Structures are given as structure tokens and as C-alpha cells.
Amino acid sequence: MVSKRYVVKRLLLLVPVLFGVASLVFAILHLSPGDPARLIVGQRAPASQVEAVRESLGLNDPLYVQYGRFLLDAAQFEFGESYKVSQGNPVRQVITTRFPVTIELALYGQAIGIMLGIPLGVLSAVKQDSLTDHLTRIGALTGISVPIYWSGPLLILLFSAYLGLFPAGSRIGSTIFLPDTWSLFGKELPLTGIILLDTLLLGRLDAWLSAVHHMFLPSVTIGVYSMALISRMMRSSMLEVIRQDYIRTARAKGQGTKITVLKHGFRNAFIPVVTVIGIQFGTLLGGAVLTETVFGIGGVGTTLVEAISDSDYPVVQGIVLTFALLFTLVNLGVDLTYSYLDPRIQQ
Amino acid sequence: MRRVRLVVDALAVGGGVAALAIAALVVTGTTPTRATELAFAIGALALGIGLLGWSGSVMAGRGIETMQNHLDTNTDWTEAKSRRAMARVGGFGGGLMLTSAIVEVLASGP
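A brief look at the structure comes next. (Residues numbered from 1 in each chain as written. Chains lettered and ligands numbered in written order. Predicted model: local features only at pLDDT ≥ 70, side-chain atom pairs only at ≥ 80, totals over all residues. Heavy atoms only, no water.)

Here we come to the overall build of chain B. A count of helices and strands for chain B gives three helices and zero strands. The order of α-helices and β-strands along chain B, N terminus first, is α-α-α. In terms of overall dimensions, chain B is more spread out than a globule: its C-alpha atoms have a radius of gyration of 17 Å, far above the 13 Å expected for 110 residues. Projecting the C-alpha coordinates of chain B onto the three principal axes gives extents of approximately 55 × 30 × 20 Å. Within chain B, the proportion of its 110 residues that are buried is 34%. In chain B, the proportion of contacts linking residues at least 24 apart, taken out of those at least 6 apart, comes to 75%. Accessible surface, chain B: about 6,300 Å² in total, of which carbon and sulfur atoms supply 68%. (Helix = DSSP H or I, 4+ residues; strand = E, 2+ residues; numbered from the N terminus. Rg over C-alpha atoms; globule rule 2.2 N^0.38 Å. Buried < 20%, exposed > 50% of the residue type's maximum accessible area, 1.4 Å probe, protein only. Contact = heavy atoms within 4.5 Å. Areas by Shrake-Rupley, 256 points an atom, 1.4 Å probe, with all protein chains shown as cover.)

This is the structure in C-alpha cells:
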């Protein structure tokens, strides 16, 4: 059982983390060159018009006023309106419409990474120095070494262009249309934007299969790196555990290899792997930026890149803070998971 | 008490550096507004790094210490030392921000 004090302590640590990220983003944006007002009105606009836009956006206020205003708004998850990327629309709306795409990609990729990485790592450890181990090692090293911007186009070429097995460039079949709401006990609720979840909520198995099929290539692209790291970590952790005295005792008492490994070894070997999975989630969110671009899926990563090049301060601040919040929450979940797996960690 | 003093000392150093930096920038031809803005933004950068480093040390410091001992790669890095260093960096940034805001108010009014 995870103690309440431990959870509260971890939750309180979110405050300085988010405050720190907010300060960093604010500072970096204001130290970088480029005038958002000039970008909004265009390069040929008269200086008076630029000045009027600067005044209306509050960019003429002293920096400490802008900083205070930004922190107060950010605490309420309010980042104002987009200057350029989605001009005039609230940043919150931009985030809520684009974020599900990135989350979906990262989660699907993570699922592939976990489902392949853990069994491969265990197998590699149990059959140490065998052909299986060597092949897994080569696969893992390749997965870690190949960058997404290279593996993505290669997978598209092979599986989409030549073999025609998987489509590339959309999240669901073009003939499938989903409504905006779903019904729960007669009450209409909005959909999440995560197609894999929405299709299940709507009870549309055909649409779900289409989404799984369409999202497979981008998710594999992003998940291979995760899979490689998880399998390597699982292998080394498992090797360490199966050499422990309690494993030898279990074997000496006549317990079979499978039960010894899966019942006694797996839980203890899993603790460092859980940490890697949590940290990997941040990398996957970063990787989603590249994957979205390669596969032409419009998620929050693509929006962030656009916003940075357009000096769209509110969008950059909103997205980076949302990323930070999500990453810290995932790591909080990881902390709680391994304190559950090994209660001594809470001490 | 020692912890408060550590942060206050860093704030004072940051404040002094901010005053000198703003003066130097103004002397070299930068407008006072731009000089204070620059000092404030650099202060916010240091504050952000300090806060993130401090919370990172609190969250993962003990784990890193244990890992170093476990892997026998001890570099004398400790969670406590890291926390103190990051508190100094954050305090320094806070000092820069505070002084540049005060200079801005004095120069052009609130």
C-alpha cells in the first residue's frame, strides 16, 4: 500500500517543477529574437500598426508584469489566444484538439514497446548467450541507433509503398465518419479525440480495426526505440535477479524454471524497467513530434514546431507546460508503481 | 536558518550582479528598458534551472546516489550538495529578477 504522505510529497514537488518550466519557457522565448507583433501584421505593415498590436497584446508592459500575468494565467491553465498558428483561437482549444493525436501516438508506441520489449528481455536473459539472445541484442541495438526521421520513411517505403500492407498519412480510413459525441446511459458526452478510444466508446469495431491498422506504422516507428531500451533493461535486470540466493533456493526446492522466473524473478526485475518506461514516455512525446511530421499526422508536436518558428508565444508556453505537466504526472505514476512493487522505496 | 541564509546570500549576489550588468549595458549604449528586460529574462532562466534542478535532486537524488554506489562509480555527488547548489542558482536568478524589476520601476515608474 502506498502511503498518503508519500503521494502528497510527490504531488507538492509538481509545483516547483511546473514553476521552473514556466520560468524557463518564459525566459527563453523573451531572449530569442523575433517580434510577434511584426509577425502578426506582416513585414510591410507600418510601425504604428505594429505598435498598436504590441499594445493590445500587452507586449509593451514591463517584463515583470508580463511574467506575473503569465504565471497567474498558467496556474489557471489559461494561455490567451494564438498569435499566428491558429490565429484568434484560444490556446486551450488548440491544445485540446491537437493533444489527443500525440497522446494516442505515444501510448500506442509505448504499448508496442512494452509488449515486445518485456518478453524479449526476459527471453534474452533466460537464454543468455544463445542465438535468441544475440539476435535480440542486435535488434535492440539497431532499434536504439536508428533515428525516427530515417526509420519512418523506410517503413513507409517498405510497408506502404512497395508491399501495400499498411497505409501512411492518416489516423483512420477515409470512408469512416465518427460523430462528435457518444452516448452513456442516454446522456450525450463529447468524444476524447483519441480515435482508438473513441471507436471503442462508440462500439464501432470496424472503425477501431481501421484506426489500429492506420496508426500501426507511425506507432511502430516510435515504439521500436522504446522496445529496444526496455528489452535491454529487462535483460540486465533479470540477469541480476536470477543470480540471487532466493531464486537458487526456489530452484533447489524443486520449483520449475518458468514459475521461478515469472513469479519470483519478474516482479523484482521489473522495478528498474518501470523507471525506464516512465522516462521513455517523455522521449516518446518528443519522438512524436518527428513521427507526426514524417507521417503527416497533425498533432501537438507539429503545432509546437510551427509556433516556435512563428514566435507564437502563448501556443509555445501552453504546449510546453502541458508536456511538462504530463511528463511529471507520468513519472509520479511510475514512482507510485515502484513503491508498490517494492515498499522499501517509500523509506 | 542556514537554508534561508543560503538563498538570501544568493539573492543578494544576484541583485549585485544585476545592478552591475544593467549599468554596464546602459553605458555601452543599450536602452535602460532593454537592459532591465535582458537582466530579468536571464534571471528567469536561472530561476527556472534552479527550481528544476532542486526538485530533480529532491525527487531522484537519493536514487542517483544509490546507483553510483551500486555501480561503484562514486563521484562524490550527493543529493544534499546538489540541492544546495540549485538553491543558490535559483536564488541568484531571483536576485537578478528582483533587482531588474526594481530598476525598471525606478527608471520608468510602475
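There is more to say, and it comes next.
What follows deals with the overall build of chain A. A count of helical and extended segments in chain A gives 14 helices and two strands. Structurally, chain A occupies a C-alpha span of about 85 × 55 × 50 Å along its principal axes. Counting all 347 residues of chain A, 43% fall into the buried class. In chain A, once contacts between residues fewer than 6 apart in sequence are set aside, the share between residues at least 24 apart is 71%.

The subject of this paragraph is the packing of helix 11 (residues 245-252) of chain A against helix 12 (residues 257-295) of chain A. Residue and element names in this part refer to chain A. Helix 12 packs onto helix 11 with a crossing angle of 160 degrees between their chain directions and a minimal axis gap of 10 Å. Accordingly, the angle class assigned to the pair helix 11 and helix 12 is roughly antiparallel. In this structure, helix 11 meets helix 12 at a crossing whose hand is right-handed. In this structure, helix 11 uses Tyr246, Ile247, Ala250 and Arg251 to contact helix 12, whose residues at the interface are Thr257, Thr260, His264, Gly265 and Asn268. Tallied by class, residues from the contact of helix 11 with helix 12 come to three nonpolar, five polar and one charged. (Axes fitted to C-alpha atoms, helices over the stretch in contact; angles between N-to-C directions. Parallel < 35°, antiparallel > 145°, perpendicular 65-115°, else oblique. Left-handed = near helix turned anticlockwise from the far one by under 90°. Nonpolar A, V, L, I, M, F, W, Y, C, P; charged D, E, K, R; others polar.)

All names here are of chain A. In this structure, the second largest pocket encloses a volume near 420 Å³. Surrounding the second largest pocket, 21 residues form its lining, Leu57, Arg69, Phe79, Tyr83 and Pro314 being those nearest its centre. Going through the elements one at a time, helix 2 (14-31), helix 4 (47-57), helix 5 (63-75) and helix 14 (313-341) are the ones with two or more residues in the lining of the second largest pocket. Residue contributions to the lining of the second largest pocket peak at four residues, all from helix 5. Its residues assigned to classes, the lining of the second largest pocket shows eight nonpolar, nine polar and four charged. (1 Å grid on protein atoms, 1.4 Å probe; cavity = no way out; pocket = protein on both sides within 12 Å on 5 of 7 lines; lining within 4 Å. Points joined across faces, edges and corners; volume = space filled by probe spheres on them.)

The interface of chain B with chain A comprises 23 residues on the first partner and 19 residues on the second. For the pair chain B and chain A, the summed buried area comes to about 1,800 Å², and 80% of that belongs to carbon and sulfur atoms. Here chain B and chain A share zero salt bridges between them. Summed over the shared surface of chain B and chain A, the number is one residue pair in polar contact (both at pLDDT 80 or more). Those elements giving two or more residues to the side of chain B that touches chain A turn out to be helix 2 (32-70) and helix 3 (79-108) of chain B. If you tally residues by element for the side of chain B that touches chain A, the top one is helix 2 of chain B, at 18 residues. (Buried area = accessible area lost by both parts, 1.4 Å probe. Salt bridge = Lys/Arg side-chain N within 4 Å of Asp/Glu carboxyl O. Polar contact = N/O pair within 3.5 Å; in protein donor to acceptor, adjacent residues only side chain to side chain.)

On to the nonpolar core. All names here are of chain A. Phe70, Phe79, Ile319, Leu321 and Phe323 are the most contacted members of the largest nonpolar core, which totals 59 residues. Contact partners of Ile319, with chain neighbours within four places excluded, come to Ile95, Val300, Thr303 and Leu304. Judged by nonpolar contacts, the second largest core, of 18 residues, contains Met234, Met238, Val273 and Val274. (Core = buried A, V, L, I, M, F, W, Y, C linked by side-chain atoms within 4.5 Å.)

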